[in-house]
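Reading the structure
Read off the chains here:
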Amino acid sequence: ENGQKAHWKCNDCNTLFLDESAQITTKLDDLIIYSLMKIPDFIVDVPSGVDPIVLQLTDTQIIDGSQTPPSSSEGDRITYAPELIPKYCYNYLTEIIQETKPHLILITGDLIYGKYDDNGTLWQAFISFMESFKIPWAPVFGNHENESAKGSDWQSQQLENAYYCMFKQRQLTGNGNYSVAIRQDGQLKRIFYMLDSNGCSDMSAASRANGHTTGMV
């Protein structure tokens, strides 16, 4: 529970003071000591008697060759054909997730290559894939997701709607700025701060429209 800093109170006028000599006044709101349990946006509970396991994945950068921009070569369309995604990405992820059996999965950016996903199907497929493990997972944007014509607001909403996904979009610089904690036996063991450092200058108009998705400088 929240607590209070030590203070003194005048029984006549109910004024609060920080010092016993009643020289420094204060307010009740300024005396609150917030419980650590109230700080994280999300908490993952780990059973007693085991070491918490956190798996970090990064830069999967999945490309859908069927959505390649007009400037791309025919070779790109063949190399990045959507039917090859399991072979080049999902199979590896499945192997490491099943081997490590993590309590939490962190994905630190570039889940997909946004300009190869203007219709959003690649994004939705990745979310469905991660949800299939029924393990809490926390992603943060890299510098390529927001190139998708669907825009980062739409992408953020899909993450927030996913059951096992721990993600919170805030109206700050970037999109995914939130925290996830590991709790065991009622105590917080670790807090991870997931910060969006912003995308590249090729972001789509839909991403730029919210005013807080900006390009790197």
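Residues numbered from 1 in each chain as written. Predicted model: local features only at pLDDT ≥ 70, side-chain atom pairs only at ≥ 80, totals over all residues. Heavy atoms only, no water.

1. Some words on the overall build of the protein
- A count of helices and strands for the protein gives five helices and 11 strands.
- Here the protein has a C-alpha radius of gyration of 23 Å; the compact-globule value for 217 residues is 17 Å, and the former is much larger.
- The principal-axis extent of the C-alpha atoms belonging to the protein is close to 85 × 45 × 25 Å.
- Evaluated residue by residue, the protein yields a buried proportion of 44% over its 217 residues.
- Long-range pairs, those at least 24 residues apart, make up 68% of the contacts in the protein between residues at least 6 apart in sequence.
- When the accessible surface of the protein is split by element, carbon and sulfur atoms take 50% of a total near 12000 Å². (Helix = DSSP H or I, 4+ residues; strand = E, 2+ residues; numbered from the N terminus. Rg over C-alpha atoms; globule rule 2.2 N^0.38 Å. Buried < 20%, exposed > 50% of the residue type's maximum accessible area, 1.4 Å probe, protein only. Contact = heavy atoms within 4.5 Å. Areas by Shrake-Rupley, 256 points an atom, 1.4 Å probe, with all protein chains shown as cover.)

2. Focus: unusual backbone geometry
- Look at Lys-101: it is not a glycine, yet its phi comes out positive at around 50°.
- By secondary structure assignment, the location of Lys-101 is in the loop between helix H2 (85-100) and strand E8 (104-108).
- With a relative accessible area of 60%, Lys-101 lands in the exposed category.
- In this model, Asp-110 sits at a positive phi of 55°, which is unusual for a non-glycine residue.

3. Describing the pairing of strand E7 (residues 54-57)
- Judged by which residues are buried, E7 turns out to be one-sided: Leu-55 and Leu-57 face inward and are buried, whereas Val-54 and Gln-56, on the alternate face, are not.
- In this structure, E7 lies alongside E8, joined through four bridges in parallel fashion. Bridging from a neighbouring strand, Val-54 pairs with Leu-104 of E8. (Pairing = 2+ DSSP bridges.)

4. Things to note about the side chain of Asn-146
- Residue position: Asn-146 is located in the loop between strand E9 (137-140) and helix H4 (152-161).
- Asn-146 has contacts with Ser-152, Gln-155, Gly-199, Cys-200, Met-203, Ser-204, Ser-207 and Thr-213, leaving out every residue within four places of it along the chain.

5. Side note on the environment of Val-44
- Mapping Val-44 onto the fold places it in strand E6 (residues 42-46).
- Sequence separation between Val-44 and Pro-136 is 92 residues; the distance between their C-alpha atoms is 7.5 Å.
- The residues contacting Val-44, other than those within four sequence positions of it, are His-103, Leu-104, Pro-136, Met-166, Val-180, Ala-181, Ile-182 and Arg-183.

6. Thoughts on the pattern of salt bridges
- On inspection of all chains with the given rule, the structure shows three salt bridges.
- Note that Arg-183 is salt-bridged to Asp-45, the shortest N-O span being 2.6 Å. Pair noted here: Arg-183 is in strand E10 (residues 178-184) and Asp-45 is in strand E6, with a separation of 138 residues, a long-range link.
- By relative accessible area, Arg-183 is classed as partly exposed at 24%.
- Across the pair Arg-77 and Glu-74 runs a salt bridge, and its minimum N-O distance is 3.8 Å. A residue pair is termed a helical-turn pair when its members lie 3 or 4 positions apart in one helix, as Arg-77 and Glu-74 do in helix H1 (residues 74-79) at three residues. (Salt bridge = Lys/Arg side-chain N within 4 Å of Asp/Glu carboxyl O.)

7. Quick word on the environment of Val-140
- Mapped onto the secondary structure, Val-140 falls in strand E9.
- By relative accessible area, which is 6% here, Val-140 ends up buried.
- The contacts of Val-140, once residues within four sequence positions are left out, are Ile-107, Thr-108, Gly-109, Leu-111, Glu-145, Gly-176, Tyr-178, Met-194, Leu-195 and Asp-196.

8. Focus on the sheet that holds E9
- Strand order in the open sheet formed by three strands is E7-E8-E9, and the pairing between neighbours is parallel. Each end of this open sheet is capped by a strand with a single partner; those strands are E7 and E9. Each strand axis lies, on average, 15° off the axis of its neighbour in the sheet, ignoring direction.
- Against the sheet, helix H3 (residues 121-131) makes contact with E8 and E9, and its axis sits at roughly 150° relative to E9, the strand it touches most. (Axes fitted to C-alpha atoms, helices over the stretch in contact; angles between N-to-C directions.)

No statement about biological role is implied by the geometric values presented.
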